[in-house]
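Coordinate analysis (summary)
Each chain, letter by letter, is given below.
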Amino acid sequence: MELHELSAKETARGVRSKEFSAVEVTEACLARVDRFEGSVNAIITLTAEAALGAAREIDAKVARGEDAGPLAGVPYFAKDNFCTRGVRTTCSSKILEHWSPTYDASAINYMNAAGAVMMGKTNLDEFAMGSSTENSIIGPTRNPRDLNRVPGGSSGGSAAAVAAGYSPLALGTDTGGSVRQPACFCGVQGMKPSYGQVSRYGILAYASSLDQVSPLARTVEDLAISMEVLARPDPNDTTCDAYDRPRFTEALSLPDLAGKRIGVFEGFESSQMDAELYGALQRAAGLCREAGAKVESMDLPIAVKYGVATYYVTALADASSKLACYDGMRYGSHIDGATLNEMYVNTRTACFGEEVRRRIILGTCLLTEGFYQNYYGPALKVRQRMVDEFDELFERFDAYILPTSPSLPYVIGMKETDPNRLYLGDIFTVPISLGGLPGINLSMGLNALGLPLSVQLVGQRYFDAELLGIASVLERVMGKPGVATPGDIQKDRGAK
Ligand code: GLN
């Protein structure tokens, strides 16, 4: 195995035991970037020099016999909506094109303190609003498993980086599916933790009641290690819960699924989704049964019928208030006007893209008198009904299997121009976000064209460790996704 193909666990072990150095690993990953970035376009800002400097420090720590941390020398990328001190943080938007934060997000601090090496910032749909990573100031990211196709979004750059072997780990944010869906499209593992597990301090918000920092990797074990590093109380974020987290990696010793009750979501016509993804769902159900679980079909009528509408009302209302701070004065770009109001209008019209403007206007409208009573208020009530629906089902099941996406990655530029139909692609991920539940995209190998198949595993709120345990049992059978060679559709090496 080459250095860029190792998991985070294997990389840290090798660095700590001096089998190879953190500098060698960083150089191997930078060589991958050098070779493929011209066609993949996953990175907004590469911080190669700083990464090599951080890697040298890790090697010096190891040489002195000090503990270099659980992620010693592990390269990682962060989506460009994580604040990084002195490194520009654009959110893929003109409005922040030249903005550099003065502090690091808590998640970045935790990764660096664990010995991980930050390599740079990855592409996203502007302000994390989207599902394809096409709406960006640097243009679309291409899917490393097929360069003609989108990588999913909005954390498409982070998913592409892990799939292409730029790094074994990446950070994204998931508000309504933005880590699970790109993980699905790029054929890697991705986890949205329960809302409240990981600090959002220093994340440029899209919708604060839904956003959650979420890791991407090529193994479930690396997701669990990332959770151990990331999930902890943070006084800087009141929505980050103050309880002691379990040892997420200990859950991976689960030998099989004996005694587990798994619900397989059947609440849709199989014709409403891609046949191969439907097949992957059935296959995962079969594997759970073989591993000893009691498997039964289940439905989520409220979530499926109202999930997308409820999500878009809630998220857009949140977004309109969060994005009010980009006013041309306090942060980022500024375009003059004859009056204060004209300056706001000029700046926000010129510097936000079309989709972001649409969402701010709709969200603002939803919070005005009349619309609030007719849309926003009811959406909050329906959201609670959905939480109740989930809770009732969790009396019967320990976890559910759902699709992550109804479709395989589509060709760049081909997607629906009607936003309403585009939003329907989020049907299986947004209810989980509204419920605050943990969700894992688990890779299920590749189809005959080399495109990734996967399923979504969903657990009870705060049962993230148990969900990782179930995912690891299934991954042992399915195999771990391998590194893609962009441009060349190929079979996954590890997957059976
Ligand atoms: N596709 C969804 C949206 O556009 C989810 C985005 C996200 O999770 N950031 O809102």
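Since this is a predicted model, take the numbers as computed values, not measurements.

Along the backbone of the protein chain there are 15 helices and eleven strands. A compact globule built from 496 residues should have a C-alpha radius of gyration of about 23 Å, and the protein chain, at 21 Å, falls within 12% of that. With the principal axes as the frame, the protein chain shows a C-alpha extent of 65 × 55 × 45 Å. For the protein chain, buried positions account for 61% of its 496 residues. Summarising the internal contacts of the protein chain: among those between residues at least 6 apart in sequence, 75% fall at separations of at least 24. Counting only carbon and sulfur atoms, one obtains 51% of the accessible surface of the protein chain, whose full area is about 18,600 Å². Mean positive and mean negative side-chain charge positions of the protein chain (48 and 59 charges, respectively) differ by 1 Å.

As enumerated under the stated definition, the model contains zero disulfides in all. Free of any disulfide, cysteine 91 has its nearest neighbouring cysteine sulfur in cysteine 83, separated by 8.4 Å. Its relative accessible area of 0% is what places cysteine 91 among the buried residues. In this structure cysteine 184 is not part of a disulfide, and its nearest cysteine sulfur, from cysteine 186, lies 9.2 Å away.

Let's shift gears to the site of the ligand. By nearness alone, 15 residues border the ligand, and Ala128, Gly176, Ser178, Tyr206 and Tyr311 come closest of all. Side-chain polar atom of tyrosine 206 to an oxygen atom of the ligand: 2.7 Å apart, as the coordinates give it. When the ligand sits alone it has 290 Å² of accessible area, and the protein chains cover 99% of it. One can see that the ligand is located within the largest cavity.

For the rest of this paragraph, the subject is the packing of helix H7 (residues 220-230) against helix H15 (residues 464-478). Describing two packed helices takes the angle between their axes plus the distance from one axis to the other. Contact pair H7 / H15: the axes reach a minimum separation of 9 Å and the direction vectors enclose 160°. Relative to H15, H7 is oriented roughly antiparallel. Along this stretch, H7 crosses H15, giving a crossing that reads as left-handed. Note on element contacts: H15 touches H7 through Asp464, Leu468, Ala471, Ser472 and Glu475, opposite Val220, Leu223, Ala224 and Met227. Here the contact of H7 with H15 is built from residues that sort into six nonpolar, one polar and two charged.

So, about the layout of surface pockets. Approximately 490 Å³ is the volume found for the largest pocket. Around the largest pocket sit 30 residues that line it, and Asn135, Glu354, Glu355, Arg358 and Leu422 are the ones nearest its centre. Secondary-structure elements contributing two or more residues to the lining of the largest pocket are helix H11 (354-366) and helix H13 (419-423). No other element matches H11, which puts five residues into the lining of the largest pocket. Broken down by class, the residue content of the lining of the largest pocket amounts to nine nonpolar, ten polar and eleven charged.

What follows is about the confidence of the model for the protein chain. Considering every residue of the protein chain, the mean pLDDT works out to 95; 97% of them sit at 70 or more. Note that pLDDT drops below 50 for residues 490-496; the model gives that stretch 23 contacts with residues more than four away or on any other chain.

Next up on the list: helix H8 (residues 275-290). If you check H8, its first and last C-alpha atoms are 23 Å apart, about what 16 residues at 1.5 Å a residue would give, namely 22 Å. Here the buried face of H8 lies against strand S7 (261-265), strand S8 (294-298), strand S9 (399-402), strand S10 (439-446), strand S11 (452-459) and H15. Capping of H8 at its N-terminal end is provided by aspartate 274; its side-chain oxygen lies 2.9 Å from the backbone amide nitrogen of glutamate 276. Immediately beyond the C-terminal end of H8, within one or two residues, lies glycine 292, with a positive phi of roughly 100°.

Tallied over the entire structure, the rule returns 17 aromatic pairs. Each ring, one from phenylalanine 185 and one from tyrosine 410, has its centre 5.9 Å from the other, and the planes form 90°; the classification is edge-to-face. Taken together, the positions of phenylalanine 185 in helix H6 (residues 180-186) and tyrosine 410 in the loop between S9 and H13 put the pair 225 residues apart, joining distant regions of the chain. Relative accessible area serves as the criterion here: at 1%, phenylalanine 185 is assigned to the buried category.

Time to look at the side chain of serine 136. For serine 136, the location among the structural elements is in the loop between strand S3 (117-122) and helix H5 (156-163). Given the relative accessible area of 15%, serine 136 is considered buried. In terms of polar contacts, serine 136 uses its side chain to reach the backbone amide nitrogen of isoleucine 138, at 3.0 Å. Those residues in contact with serine 136 that lie beyond four places of it in its chain are Ser92, Asn123 and Leu124.

Cut-offs used in this document
- Residues numbered from 1 in each chain as written.
- Predicted model: local features only at pLDDT ≥ 70, side-chain atom pairs only at ≥ 80, totals over all residues.
- Heavy atoms only, no water.
- Helix = DSSP H or I, 4+ residues; strand = E, 2+ residues; numbered from the N terminus.
- Rg over C-alpha atoms; globule rule 2.2 N^0.38 Å.
- Buried < 20%, exposed > 50% of the residue type's maximum accessible area, 1.4 Å probe, protein only.
- Contact = heavy atoms within 4.5 Å.
- Areas by Shrake-Rupley, 256 points an atom, 1.4 Å probe, with all protein chains shown as cover.
- Lys, Arg positive; Asp, Glu negative; His and termini not counted.
- Charge placed at Lys NZ, Arg CZ, Asp CG, Glu CD.
- Disulfide = S-S within 2.5 Å.
- Near = heavy atom within 4 Å.
- Polar contact = N/O pair within 3.5 Å; in protein donor to acceptor, adjacent residues only side chain to side chain.
- 1 Å grid on protein atoms, 1.4 Å probe; cavity = no way out; pocket = protein on both sides within 12 Å on 5 of 7 lines; lining within 4 Å.
- Sits in = over half its atoms within 2 Å of the grid points.
- Axes fitted to C-alpha atoms, helices over the stretch in contact; angles between N-to-C directions.
- Parallel < 35°, antiparallel > 145°, perpendicular 65-115°, else oblique.
- Left-handed = near helix turned anticlockwise from the far one by under 90°.
- Nonpolar A, V, L, I, M, F, W, Y, C, P; charged D, E, K, R; others polar.
- Points joined across faces, edges and corners; volume = space filled by probe spheres on them.
- pLDDT = per-residue confidence, 0-100.
- Expected span 1.5 Å × (residues − 1).
- Phe/Tyr/Trp six-rings, centres within 6.5 Å; stacked < 30°, edge-to-face > 60°.

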